Every structure is written in C-alpha cells, then in structure tokens.
Amino acid sequence: MPLIQVTIGRGRSPEQLNALGQAITDAVESSIGAKRESIRVVLTECEPEHWFVGGETLAELRASGRR
C-alpha cells in the first residue's frame, strides 16, 4: 500500500487540497500500477511562520512577493 506524505504551506483552499490529493492518487495509480483503493495520501499543512527557506519564513517570503 503506497503512502505519500506531502507537507505544504498553509493557505490553499479545500478545493485545491482536494485536487492535489486526487492528482497524487492518479499519478501513483498510473505510474506504479497500484490499486486506487490501496493508495494513501496525507497532506500536512504547515504554518507559514514555521516553514523556513534560506533562513526566512515562508510568511516573510510571501509578504515580500518572493513566494
């Protein structure tokens, strides 16, 4: 049973998260032939203030327009 874990910065709509989960499921099914019902996807949202890129928070990068 494939388990795919994705950590993503908080800020996407429920519809976007659903689309991501569906797309990942589709990709796993088509790429390795796993049965759809056996595929598990876990999306974990992280607060932008807790995610660092090059020493700056994602919140800072978003505010500056660099992310």
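Note that the structure is predicted; figures quoted are calculated from it, not measured.

Draft legend 1. Spotlight on the UniProt feature "domain: 4-oxalocrotonate tautomerase-like" (unreviewed entry) in the protein chain. Mapped onto this numbering, the UniProt entry gives "domain: 4-oxalocrotonate tautomerase-like" (unreviewed entry) at residues 2-59. The straight-line gap between the two end C-alpha atoms of residues 2-59 is 32 Å; of that span, 36% is helix and 31% is strand.

Draft legend 2. Summary view of the pairing of strand 1 (residues 3-9). Sheet topology places strand 1 next to strand 2 (residues 40-46); seven bridges connect them, and they run parallel. For Gly-9, the partnering residue across the bridge sits in strand 2 and is Cys-46. Between strand 1 and its parallel partner strand 2, the chain crosses via helix 1 (residues 14-32), and the hand of that crossover is right-handed.

Rules used throughout
- Residues numbered from 1 in each chain as written.
- Predicted model: local features only at pLDDT ≥ 70, side-chain atom pairs only at ≥ 80, totals over all residues.
- Heavy atoms only, no water.
- UniProt positions renumbered as here; feature names shortened; annotations may be inferred.
- Helix = DSSP H or I, 4+ residues; strand = E, 2+ residues; numbered from the N terminus.
- Pairing = 2+ DSSP bridges.
- Right-handed = clockwise from strand over helix to strand, strands pointing away.

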